Amino acid sequence: MTETHKGSCFCGAVEIEVEGAPAEMGYCHCRSCRSWSGGPVAAFILYPKDKVRVTKGEDRLGGFNKNGFSDRRWCTGCGGHVLVYHPSLPVTDVHAATVPSVPFRPAVHLNYAETVLPMKDGLPKMRDFPAEIGGSGETVAE
Ligand SMILES: [Zn+2]
Ligand SMILES: [Zn+2]
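Structure report, in brief. (Residues numbered from 1 in each chain as written. Chains lettered and ligands numbered in written order. Predicted model: local features only at pLDDT ≥ 70, side-chain atom pairs only at ≥ 80, totals over all residues. Heavy atoms only, no water.)

### Brief notes about the coordination of the zinc ion (ligand 1)
Argument step 1. Only Cys9 (SG), Cys11 (SG), Cys75 (SG) and Cys78 (SG) from the protein coordinate the zinc ion (ligand 1), and they sit 2.3 to 2.4 Å from it.
Argument step 2. Every donor counted, the four donor atoms about the zinc ion (ligand 1) form angles of 105 to 113° at the centre, which fits tetrahedral coordination.
Argument step 3. Given the relative accessible area of 5%, Cys9 is considered buried.
Argument step 4. On the basis of relative accessibility, which here comes to 46%, the residue Cys11 falls in the partly exposed class. (Donors = N, O, S within 2.8 Å, 3.2 Å for Na, K, Ca; no water. Tetrahedral: all angles 85-135°; square planar, octahedral: opposite > 155°, others 65-115°. Buried < 20%, exposed > 50% of the residue type's maximum accessible area, 1.4 Å probe, protein only.)

The following block contains the structure:
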């Protein structure tokens, strides 16, 4: 059975739907995520690209792509972050807080070398990204 979860921006003008099992969940500690979100760490849920749909208010979405890797989308009405497209990857990053009914089960920390909020939870800590997506594939100590 395929599970579908709904999510929305802060004001509700933009709605999304995600379908099926996430490809990965975790935390990103990179400077870009921190700078954009205003928080010390970002909680992400990655879904296969075709399993994420904007079902309402797509024309309300603003976008910004600083470096090519992350094409960020937010609601132009409320400023709430919605999702991040990754043109070079087969997945789309949905902020965990955007789809609250999806049980958040983080499995990995990314860009932990840049952390400002160490989290000693026993999960693997990647220095940057997994080798499969162009990172070093190295892990670092908590
Ligand atoms: Zn909004
Ligand atoms: Zn990041």
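### With respect to the side chain of Thr92
Argument step 1. Here Thr92 shows up in strand β9 (residues 91-95).
Argument step 2. Contact partners of Thr92, with chain neighbours within four places excluded, come to Ile45, Leu46, Tyr47, Lys49, Val52, Leu83, Val84 and Tyr85. (Helix = DSSP H or I, 4+ residues; strand = E, 2+ residues; numbered from the N terminus. Contact = heavy atoms within 4.5 Å.)

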